[in-house]
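Coordinate analysis (summary)
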Amino acid sequence: MSDKSKIYLFANWKMYLDYDESNILANAIAAQAKSIPTSVKMAIFPSALALYPVGQVLHDVGISLGAQNVYWQDKGGDTGEVSARMYKEAGCKYALVGHSERRHLFHESNSEVRKKLEAILDEHLTPVICVGETEKERAENKTEEAIEIQVRAAFHNIVWPKDRELIVAYEPVWAIGTGKNCDPIEAERMHQLIKKQVIALTGITPVILYGGSVKPENVAEYLKNPNINGVLVGNASTNLESWMNIVAAVR
Ligand code: 13P
């Protein structure tokens, strides 16, 4: 599965773009879709409110749609939440789960991440499980331990559907939105470690994406590594020129 015949370029627009900005950017990307190499699997993760119209535009040009977060209940008195089922109905193929901004800004625990992951699988969506160590954990030589705890909590004893890809995003917390990207050699080492652990827990070879201050200038340095299957990009994916320059770097 992670044979690198496909390069994953996933764009997490976070809360950077409002409704109009999201639609304008989606239309602009769609207009340039012919320049996207066939080896690229592209998915866009817009805000929940912009997701439906953005998905309509992207669907016609073969770009997938993803949710930034889901709630694990299907329906109910859960004010302010949006379920995996609802995202599925709106046209999503993927859903992020355990993004570091969810874990750290919104205090999501490993067990909540697991419940969300299971809800995503139940709805036939493909989860993108995000893991990453903090600056403090890295400084204290606890990087491997921190990642292993997150990976184990996500995959221990899970029944993975045969028809579903297993995608993990390695996103060191200190590299997200800081401009301090992880050294690509170190990212490759972490991807090897995650791959080994996921295979030990599930028997499945994962697709692993790197995320954290990816830009047009550094993306190729990541993609040339054997265990980096693609990138999950925040800030640099919210501007047409930088996103299309990231796409161009694949060639
Ligand atoms: P940046 O690319 O802005 O550092 O964000 C990375 C990220 O969190 C993607 O999910």
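Notes on the structure in this doc start here.

Definitions and cut-offs
Residues numbered from 1 in each chain as written. Predicted model: local features only at pLDDT ≥ 70, side-chain atom pairs only at ≥ 80, totals over all residues. Heavy atoms only, no water. Helix = DSSP H or I, 4+ residues; strand = E, 2+ residues; numbered from the N terminus. Rg over C-alpha atoms; globule rule 2.2 N^0.38 Å. Contact = heavy atoms within 4.5 Å. Areas by Shrake-Rupley, 256 points an atom, 1.4 Å probe, with all protein chains shown as cover. Lys, Arg positive; Asp, Glu negative; His and termini not counted. Charge placed at Lys NZ, Arg CZ, Asp CG, Glu CD. Buried < 20%, exposed > 50% of the residue type's maximum accessible area, 1.4 Å probe, protein only. Salt bridge = Lys/Arg side-chain N within 4 Å of Asp/Glu carboxyl O. Polar contact = N/O pair within 3.5 Å; in protein donor to acceptor, adjacent residues only side chain to side chain. Axes fitted to C-alpha atoms, helices over the stretch in contact; angles between N-to-C directions. Parallel < 35°, antiparallel > 145°, perpendicular 65-115°, else oblique. Left-handed = near helix turned anticlockwise from the far one by under 90°. Nonpolar A, V, L, I, M, F, W, Y, C, P; charged D, E, K, R; others polar.

**As for the overall build of the protein chain**
For the protein chain, the count of helices and strands is ten helices and eight strands. Its C-alpha radius of gyration of 17 Å places the protein chain within 12% of the 18 Å reference for a compact globule of 251 residues. In terms of overall dimensions, the protein chain has C-alpha extents of about 45 × 45 × 35 Å along its principal axes. The long-range fraction of contacts in the protein chain, counting pairs at least 24 apart against all pairs at least 6 apart in sequence, stands at 73%. Just so you have it, the protein chain exposes about 11,500 Å², and 51% of that area is on carbon and sulfur atoms. Here the protein chain contributes 27 positive and 31 negative side-chain charges, whose respective centroids are spaced 5 Å apart.

**A look at the side chain of Glu171**
Tracing the backbone shows Glu171 in the loop between strand S6 (167-170) and helix H8 (184-202). In this structure Glu171 is buried but unpaired, with Lys14 as the nearest side chain of opposite charge at 6.3 Å. Engagement of the side chain of Glu171 in a polar contact is seen with the side chain of His99, the distance being 3.1 Å.

**What to know about the pattern of salt bridges**
In a structure, side chains of opposite charge can pair up when their charged atoms sit close to one another. All told, the structure shown has 16 salt bridges when counted by the stated rule. With a closest N to O distance of 2.9 Å, Lys14 and Glu101 form a salt bridge. Of the two residues, Lys14 sits in the loop between strand S1 (7-12) and helix H1 (19-31) while Glu101 sits in helix H4 (residues 100-105), which places them 87 residues apart along the sequence. Note on Glu101: relative accessible area 26%, which makes it partly exposed.

**Describing the packing of helix H5 (residues 110-122) against helix H7 (residues 143-155)**
Contact geometry for H5 and H7: axes closest at 8 Å, N-to-C directions at 40 degrees. One finds that H5 runs oblique with respect to H7. Our pair here, H5 against H7, has a crossing hand that is right-handed. Contact residues: H5 offers Asn110, Arg114 and Leu117, while H7 offers Ile149, Gln150, Ala153, Ala154 and Phe155. Broken down by class, the residue content of the contact of H5 with H7 amounts to five nonpolar, two polar and one charged.

**Concerning helix H2 (residues 51-59)**
Taken together, the buried positions of H2 are Leu51, Pro53, Val54, Gly55, Val57 and Leu58. Check the buried side of H2 and you find it contacts H1, strand S2 (40-45), strand S3 (64-67) and helix H3 (84-89).

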